[in-house]
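Listed below, chain by chain, are the residues.
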Amino acid sequence: MTGGSRACWRVGAGMAAAPGVTERYFTRWYKPDVKGNLCEDHCILQHSNRICVITLAEAHPLLQNGKTIKNINYQISANCSRLQNKVSGKSKRGAQFLTELAPLCRISCSDGEEYTIYSCIRGRLMEVNENILDNPTILQEKVRILLTLSLFLIFIPVLYHGLIF
Amino acid sequence: MFALTEKNRSIAQLLLNTGTCPRCVFRFCCVGLQASYRHPYKDLLRELHEFLEYNKEKEDKFCCEIADPPCKRIRLENMGEGAEDLNQNGALQQTPVADDVNVAMENSTPKVCNVCLGILQEFCEIDFVQKVCQKVNSAEYQFTSFVFSVSLPPQLSVREHAAWLLVKEEMGKQGLSLAKEDVVQLKETYKWIIHPLFSEELGVPADGKSLFEVSVVFAHPETDEDCHFLATVCPDCFKPAKNKQSVFTRMAIIKALDKIKEEDFRKHFPCSPSSPKNICAALEIQCTNGAIFVAGRYNKYSRNLPQTPWIIDGERKLESSVEELISEHLMTAFKADSFNFSSSGREDVDVRTLGRGRPFAIELVNPHRIHFTAMEMKELQQKINNSSDKIKVRDLQLVTREAIGHMKEGEEEKTKTYSALIWTDKAIQKEDIALLDDMKELKIDQKTPLRVLHRRPLAVRSRVIHTMKSEYIDDHHFRLHLKTQAGTYIKEFVHGDFGRTKPNIGFLLKRTADILELDVESVDVDWPPTLND
């Protein structure tokens, strides 16, 4: 996949995040300008056990001042709702398979803008954050602090190297 | 008083003629007196011949019509030697009987018994017993009793079956029946004979419940193929299994022998089994001691020590482990082959275990040394404690296998108390955290934490935080003491795990919280019993 003008870089521990235990386990990866959309940067948190949490990066429009989220929709097509994803067992059978450009959810704002969040990595969808459905503002709060982040979806990456774009 | 009586005569003669040893003859004549079998082999052989000769003589004397022609022929041959001793009635006198017996023994004594393949012959001799005991003693085990287990070649069942059919037929002629169960078992007989011999040599009694096992495996490759015909007649009894070398296991053969019809058996296998050239061989002589269990409680003072060895792709990630630090010394002291470590729950690498510590039990496999006094156990405990400052053990003691159950019960049912050092993003005052102290029996729902999600199924667990006690430190830090239900993930309760544990400390304080340090203060299990140090 040909990237945008900004390269993807990896950020280790640090940033203005909480000290302690959790920082130790996660590595941050960035995918800027997803699907060619300027500034729609995604941030992937990769745990040492290879489970990934997809989140929004600070530059993303949704996290800018003045944006109010009106609705979050996990129904991405007529046949597919991310809410229907059900995994079972230790090997997480039944998970929806995701490619880099698979949409995860669609977010609409009060100003009429719509944004799609993408997977960015190849993997199997384990879980979506249902808390944000009731309370979309959590997505925008606490953005710089690890642990109680914005939108997240969790994967077990199938092709690990997909993170390096 | 000789074990056999008149009614056994024809069977005994028949079996002896076909090459069966005296002890097996006794078995098929249902001799149940253990002492009968323990007489020396040579004596039994001689007595048996005397018995048969004497009775034959009697019947000849009284012109009994049931005399067996072949036997009479043998007798007449022998008579040739003692012919000059015949009195006028044609009856033999006493003395020549001995000569007859000796000759008869020479003529019809089988080298190797066709039924037991030598097990009830040579392997009942003191030489064999001494050979085994030599091996036992050189292995340097500590034991106060023994159990002797023997593994017989499966083809013995086939020969036993054949001999039984033969005897059954013969008895049928006399209007008598013989059930297979009535025949005295070979293994049982062997143990009757061998146990006292071993006991004498080892100096300890035989005990079925003993933990010290001496085992011998016998094999007879010469006759291994004896049982192959069963596979063609009863193919469904012989299914190849991955683990077993041969499909002809003892169980399978016994099953087939139960099923097979007499005619079919007789078609494939001679009903007086052939005499083998060689005796059985004692393939393996092994001793093992039953496992010993050592229990105690451990403290962990390091924040860099895993409970069990941490190895990924053959590479050790962190040096040592709680398990190894404790087991190392026990393995040496008990001279065991290996160990199995289990505990009442566990803690992360970076978590300390304080207070009275966490109960654990170690199974020591095949220990050579088993006797330890309470004093010696205390010394062993001291040794372990002196060897490392990362861990400490207490209440070290020998326990039984049942003890493990206590421990697992503790893991699932008993409460634990913890002390956590917590950081908050927004400043706090004493009043802000006081509300935690008032919460009793707080119910929380925890989704499988991210950090273990790769090896556990995704699920939601309900748990209870029984009590909490906060200790203010400064405007971003406080210490929290909690008492929780078994199986609660404390770290996730503090930081919330992306909102996947609800409620969590951050949520309760309306802030973002993180855990900096965690200690286990107590594991509330009453076991193992506390020892007074």
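An unreviewed UniProt entry lists chain B under the name tRNA pseudouridine synthase Pus10, from Chrysemys picta bellii.

Chain A is annotated in an unreviewed UniProt entry as Protein Abitram of Chrysemys picta bellii.

## Concerning the sheet that holds strand S5 (residues 69-73) of chain A
Residue and element names in this part refer to chain A. If you trace the 3 strands from one edge of the open sheet to the other, you get S5-S7-S8, paired in antiparallel fashion. In the strand order of this sheet, the two ends are held by S5 and strand S8 (114-118), each with one partner. Averaged over all neighbouring strand pairs, the angle between strand axes comes to 20°, with direction disregarded. With 5 bridges connecting them, strand S7 (residues 103-109) and S8 associate as antiparallel partners. Paired with Pro103 across the bridge in S8 is Tyr118.

## Observations regarding the side chain of B:Arg451
With respect to the element layout, B:Arg451 can be found in the loop between strand S11 (442-447) and strand S12 (460-474). Here the side chain of B:Arg451 touches B:Asp348 through a polar contact of 3.1 Å, side chain to side chain. Looking at B:Arg451, its side chain comes within polar contact range of the side chain of B:Glu492, at 2.7 Å. Setting aside residues no more than four positions away along its own chain, B:Arg451 makes contact with A:His47, A:Asn49, B:Asp348, B:Tyr489, B:Lys491 and B:Glu492.

## Some thoughts on the nonpolar core
All names here are of chain B. In this structure, Leu4, Tyr190, Phe218, Leu230 and Phe265 are the most contacted members of the largest nonpolar core, which totals 81 residues. Among the elements that line this core, the one with the most residues is helix H8 (residues 155-173), at 9 residues. The contact partners of Tyr190, leaving out residues within four places of it in the chain, are Ile119, Leu120, Phe123, Cys124, Phe128, Phe148, Val150 and Phe218. With 34 residues, the next largest nonpolar core counts Ala361, Ala420, Leu436 and Leu508 among its residues.

## Remarks on the pattern of salt bridges
Residue and element names in this part refer to chain B. In this structure the tally under the stated criterion is 30 salt bridges over all chains. Linking Arg46 and Asp43 is a salt bridge whose minimum nitrogen-to-oxygen distance equals 3.5 Å. Note that Arg46 and Asp43 are positioned in helix H4 (residues 41-61) at a spacing of 3 residues, about one turn of the helix. Residue Arg46 is classed as partly exposed on the basis of its relative accessible area, which comes to 33%. When salt bridges with common partners are traced through the structure, they connect Arg303, Arg352, Arg479, Glu517 and Asp519 into a single cluster.

## Let's talk about the packing of helix H13 (residues 322-334) of chain B against helix H14 (residues 374-387) of chain B
Residues and elements named next belong to chain B. Look at H13 against H14: their axes get within 10 Å of each other, and the N-to-C directions meet at 140°. The angle between H13 and H14 places the two elements in the oblique class. For the pair H13 and H14, the crossing hand works out as right-handed. When H13 is examined against H14, the residues Leu325, Ile326, His329, Leu330, Ala333 and Phe334 are found in contact with a partner set consisting of Met377, Leu380, Lys383, Ile384 and Ser387. The residue makeup of the contact of H13 with H14, split by class, is 8 nonpolar, 2 polar and 1 charged.

## Some remarks on the layout of surface pockets
By volume, the largest pocket amounts to about 1700 Å³. If you trace the largest pocket, you find 46 residues lining it, with B:Arg346, B:Asp348, B:Arg451, B:Val452 and B:Arg455 closest to the centre. Elements with a contribution of two residues or more to the lining of the largest pocket: helix H1 (21-25) of chain A together with strand S7 (338-343), strand S8 (351-365), helix H15 (403-413), strand S10 (416-424), S12, helix H17 (490-495) and strand S15 (513-523) of chain B. Tallied by class, the residues present in the lining of the largest pocket amount to 16 nonpolar, 13 polar and 17 charged.

## Quick notes on the sheet that holds strand S3 (residues 281-289) of chain B
Paired through their backbone hydrogen bonds, the strands of a sheet run either parallel or antiparallel. Residue and element names in this part refer to chain B. Read from one edge to the other, the open sheet built from 3 strands follows the order S1-S2-S3, with strand pairing classed as mixed. Every other strand in the sheet has two partners, leaving strand S1 (147-151) and S3 as the edge strands with one partner each. Going across the sheet, the axis of each strand differs from the next one's by a mean of 20°, ignoring polarity. Looking at chain direction, S1 and strand S2 (residues 212-219) are connected through 5 bridges and run parallel. When the sheet's bridge partners are listed, Phe148 is paired in S2 with Val214. Those strands touched by helix H7 (residues 126-138) are S2 and S3, and its axis lies near 130° from that of S2. Those strands touched by helix H9 (residues 186-202) are S1 and S2, and its axis lies near 140° from that of S1.

## Observations concerning the pairing of S11(B)
Residue and element names in this part refer to chain B. Alternating residues of S11 divide into Leu442, Ile444 and Gln446, all buried, and Lys443, Asp445 and Lys447, none buried. Here S11 runs beside S12; their pairing, made up of 6 bridges, is antiparallel. Bridge pairing in S12 links Lys443 to Val464. As paired strands, S11 and strand S14 (residues 501-502) are joined by 2 bridges and run antiparallel to one another. Its bridge partner lying in S14, Gln446 is registered against Thr501.

Scoring rules and cut-offs
- Residues numbered from 1 in each chain as written.
- Chains lettered and ligands numbered in written order.
- Predicted model: local features only at pLDDT ≥ 70, side-chain atom pairs only at ≥ 80, totals over all residues.
- Heavy atoms only, no water.
- Pairing = 2+ DSSP bridges.
- Helix = DSSP H or I, 4+ residues; strand = E, 2+ residues; numbered from the N terminus.
- Axes fitted to C-alpha atoms, helices over the stretch in contact; angles between N-to-C directions.
- Polar contact = N/O pair within 3.5 Å; in protein donor to acceptor, adjacent residues only side chain to side chain.
- Contact = heavy atoms within 4.5 Å.
- Core = buried A, V, L, I, M, F, W, Y, C linked by side-chain atoms within 4.5 Å.
- Buried < 20%, exposed > 50% of the residue type's maximum accessible area, 1.4 Å probe, protein only.
- Salt bridge = Lys/Arg side-chain N within 4 Å of Asp/Glu carboxyl O.
- Parallel < 35°, antiparallel > 145°, perpendicular 65-115°, else oblique.
- Left-handed = near helix turned anticlockwise from the far one by under 90°.
- Nonpolar A, V, L, I, M, F, W, Y, C, P; charged D, E, K, R; others polar.
- 1 Å grid on protein atoms, 1.4 Å probe; cavity = no way out; pocket = protein on both sides within 12 Å on 5 of 7 lines; lining within 4 Å.
- Points joined across faces, edges and corners; volume = space filled by probe spheres on them.

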